[in-house]
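# Fold and geometry: a report
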Amino acid sequence: MLEKFSNWISKNEQERKVEDVTIENVPKHVAIIMDGNGRWAKKRGLPRIAGHREGMSVINKIVKQANSLGIEVLTLYAFSTENWKRPKNEVDFLMRLPERYLSVELPKLIEENVKVRLMGSKDSLPAHTIAAVDNAIEKTKQNTGLVLNFALNYGSRDEIVLAVQNIAKEVSAGKLTADEINDTLVDQYLMTNELRDPDLLIRTSGEIRLSNFMLWQLAYTEFWFTDVLWPDFTEQHFLEAINVYQQRTRRYGGI
Ligand code: IPE
Ligand code: IPE
Ligand code: MG
């Protein structure tokens with residue numbers, strides 16, 4: 001599928017469609033709540049961490065595909081501020097995943113012009129996790145292709161609280177007046193600051209909720225939910241989501 005699409009981009013510029021996905025209207029920012037790893041493992045009688053390991057290999061495929069489709073930003077919800085409630089062995093495993101993923105994939109990300117980015121609080125992350133991600137950010141900072149934005153120890157309410165605190169500090173320091181606070185300014189204080197809002201949100205595993213993800217930024221995003229568990233998610237599902245997105249009419253409150 002991916003090969004087919006890439007071939008098409010390079011060789012058949014005059015064609016307008018592949019598998020019903022049109023090149024002009026590809027969402028610029030796609031955000032994914034990668035859910036269902038635990039249930040995937042449970043169904044197979046495996047420990048939950050086996051599901052996380054399998055889920056990691058899916059990230060690879062989707063990053064590549066997003067890059068070749070010309071998507072500008074791919075935000076992946078990898079660990080929420082609420083996920084600390086999980087058993088210690090699972091949390092420890094999840095905190096090792098970024099370095100596992102990057103130790104294999106970073107050279108390819110560099111080569112493929114992907115720029116790694118982080119959104120979330122570094123405060124309670126283990127040093128080894130921060131080191132792996134910081135290294136990837138540093139090594140890819142000049143890249144100009146897909147922005148791969150990992151939401152790690154991310155929670156939307158924390159993000160908004162932090163933004164409000166920082167704005168309040170600016171006001172009390174006399175650098176800002178209350179009247180100058182508008183939605184553009186709030187945007188700049190969020191962890192997404194320079195990123196555009198997601199055009200498409202995907203959540204796998206059949207849960208129809210946001211689980212504290214990008215509450216501000218998703219105001220006019222198109223949602224696509226699927227029962228497919230994240231480790232079973234394929235390039236074909238991704239194209240299906242994009243295809244559905246392309247058939248939606250975004251009105252932003254207009255007519
Ligand atoms: C998503 O899969 C990964 C993380 C939240 C880190 P889950 O681990 O939530 O899997 P389920 O929802 O229990 O199946
Ligand atoms: C959301 O999934 C967080 C991530 C995918 C990282 P959860 O599995 O934590 O969400 P809930 O608990 O089902 O709402
Ligand atoms: Mg879950």
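Structural data are supplied above this passage.
Now for a quick tour of the structure. These numbers come from a predicted model, not from an experiment.

Criteria and cut-off values
- Each chain carries its own residue numbering, running from 1 in the direction its sequence is written.
- By the order in which they are written, chains take letters starting at A while ligands take numbers starting at 1.
- It should be noted that, the model being predicted, local features are given only for residues of pLDDT at least 70 and side-chain atom pairs only at 80 or more, the latter also being counted only at that level, while totals for whole chains, interfaces and linings use all residues.
- For the side-chain quantities, the full set of heavy atoms in the structure was used; hydrogens and water were omitted.
- Stacked, tilted and edge-to-face pairs are distinguished by plane angle, under 30 degrees for stacked and over 60 for edge-to-face with tilted covering the rest, among Phe, Tyr and Trp rings (Trp via its six-membered ring) whose centres lie within 6.5 Å.
- Exposed residues in this analysis have more than 50% of their type's maximum accessible area, buried residues have under 20%, and partly exposed residues fall in between, with area computed by a 1.4 Å probe over protein chains only.
- Note on definitions: salt bridges are taken to be side-chain nitrogens of Lys or Arg within 4 Å of carboxyl oxygens of Asp or Glu.
- Secondary structure elements are taken from DSSP: a helix is a run of H or I of four residues or more, a strand is a run of E of two residues or more, and numbering for both begins at the N terminus.
- The rule for pairing is simple: two strands pair if DSSP sees at least two bridges between them.
- What makes a residue near a molecule or strand is one non-hydrogen atom of that residue sitting within 4 Å of it.
- Here a polar contact means two N or O atoms within 3.5 Å. Within protein one must be a hydrogen donor candidate and the other an acceptor candidate, and residues neighboring in sequence count only if both atoms are side-chain atoms.
- Residues belong to a common nonpolar core when they are buried Ala, Val, Leu, Ile, Met, Phe, Trp, Tyr or Cys residues joined through side-chain atoms within 4.5 Å.
- By definition, residues are in contact when any of their heavy atoms lie within 4.5 Å.
- Every accessible area reported is derived by Shrake-Rupley at a probe size of 1.4 Å, with residue values counting cover from the shown protein chains alone.
- Amino acids outside the nonpolar list (Ala, Val, Leu, Ile, Met, Phe, Trp, Tyr, Cys, Pro) and the charged list (Asp, Glu, Lys, Arg) are all regarded as polar, and Gly is one of them.
- Orientation is described by axes fitted as lines to C-alpha atoms, over the contacting stretch for helices, and by angles from 0 to 180 degrees between their N-to-C directions.
- Here a helix's expected span is defined as the number of its residues, less one, multiplied by 1.5 Å.
- When describing relative orientation, an angle under 35 degrees is termed roughly parallel and one over 145 degrees roughly antiparallel, while 65 to 115 degrees is termed roughly perpendicular and anything else oblique.
- Each crossing gets its handedness from the near helix: less than a right angle anticlockwise from the far helix is left-handed, clockwise is right-handed.

### Let's talk about the packing of aromatic side chains
Counting across every chain of the model gives nine aromatic pairs. Aromatic pair Phe-223 and Phe-225: ring centres 6.0 Å apart, planes at 85°, arrangement edge-to-face. When the centroid spacing of 5.1 Å and the interplanar angle of 20° are considered together, the rings of Trp-230 and Phe-233 count as stacked. Of the two residues, Trp-230 and Phe-233, both sit in the buried class. Within the aromatic cluster, the residues linked to one another by ring pairs are Tyr-77, Tyr-154 and Phe-213.

### A short note on the pattern of salt bridges
Evaluated as defined, the whole model comprises 17 salt bridges. The shortest N-O distance in the salt bridge between Asp-134 and Lys-122 comes to 2.9 Å. One end of the pair, Asp-134, is in helix H5 (residues 127–139); the other, Lys-122, is in the loop between strand S5 (115–119) and H5, with 12 residues separating them in the sequence. The class of Asp-134 is partly exposed, set by a relative accessible area of 30%. Notably, a salt bridge pairs Arg-250 with Glu-222, separated by 4.0 Å at the nearest N-O pair.

### Points about the pairing of strand S8 (residues 222–225)
Of the two faces of S8, the one holding Glu-222 and Trp-224 is buried and the one holding Phe-223 and Phe-225 is not buried anywhere. Relative to S8, strand S7 (residues 200–203) runs parallel, the two being bridged by four bridges. Across the sheet, the residue bridging to Ile-202 is Trp-224, located in S8.

### Section: the site of ligand 1
Of all residues adjacent to ligand 1, which total 13 residues, the nearest are Asp-35, Gly-38, Arg-39, Arg-48 and Arg-86. Within the backbone of Gly-36, a nitrogen or oxygen atom sits 3.3 Å from an oxygen atom of ligand 1. In this structure, an oxygen atom belonging to ligand 1 sits 2.7 Å away from a side-chain N or O atom of Arg-86. For the shell around ligand 1, the secondary-structure elements that each account for two or more residues are helix H2 (37–43), helix H3 (48–69) and helix H4 (88–111).

### A few points about the nonpolar core
In this structure, Ile-32, Leu-74 and Phe-238 are the most contacted members of the largest nonpolar core, which totals 48 residues. When residues of this core are assigned to their parent elements, the largest contribution, nine residues, is made by H4. Ignoring anything within four residues of it in the chain, the contact list for Phe-238 reads Val-30, Ile-32, Ile-62, Gln-65, Ala-66, Leu-69, Ile-71, Leu-74, Ile-202 and Phe-233. If you look at the next biggest cluster of nonpolar residues, it comprises 11 residues, including Tyr-77, Met-191, Leu-201 and Phe-213.

### Some words on the site of ligand 2
Lining the immediate surroundings of ligand 2 are Ile-33, Met-34, Asp-35, Tyr-77, Ala-78, Phe-79, Asn-83, Arg-86, Arg-203, Arg-209 and Ser-211. Within the side chain of Asp-35, a nitrogen or oxygen atom sits 3.2 Å from an oxygen atom of ligand 2. Measuring from an oxygen atom of ligand 2, one finds a side-chain N or O atom of Arg-209 at 2.8 Å. Relative to its free-state accessible area of 390 Å², ligand 2 is covered by the protein chains to the extent of 78%. The element best represented in the shell around ligand 2 is strand S4 (residues 73–80), accounting for three residues. Residues that form the shell around ligand 2 fall into these classes: five nonpolar, two polar and four charged.

### With respect to the sheet that holds S4
As summarised here, the arrangement of the six strands in space is S5-S6-S4-S3-S7-S8, forming an open sheet in which the pairing is parallel. Strands with a single pairing partner mark the edges of an open sheet, and in this sheet they are S5 and S8. On average, each strand axis in the sheet is inclined to that of its neighbour by 20°, with strand direction left out of account. In the packing of H3 onto the sheet, contacts are made with strand S3 (29–33), S4 and strand S6 (147–154), and the angle to S4 comes to roughly 160°. Contacting S4, S5 and S6, H4 crosses the sheet at an angle of about 165° to S6.

### Digging into helix H8 (residues 235–247)
Taking 1.5 Å of rise per residue, the 13 residues of H8 would be expected to cover 18 Å, and the 19 Å separating its terminal C-alpha atoms lies within 8% of that figure. Those residues of H8 not exposed but buried are Glu-235, His-237, Phe-238, Leu-239, Ala-241, Ile-242, Asn-243, Tyr-245 and Gln-246.

### A closer look at the packing of H4 against H5
Remark: H4 packs on H5, axes separated minimally by 8 Å, with the N-to-C direction vectors making an angle of 15°. In terms of their interaxial angle, H4 and H5 are classed as roughly parallel. Along this stretch, H4 crosses H5, giving a crossing that reads as left-handed. Of H5, the residues touching H4 (which contributes Met-95, Arg-96, Pro-98, Glu-99, Leu-102, Leu-106 and Ile-110) are His-128, Thr-129, Ala-132, Val-133, Asn-135, Ala-136 and Lys-139. Residues of the contact of H4 with H5, tallied by class, amount to eight nonpolar, three polar and three charged.

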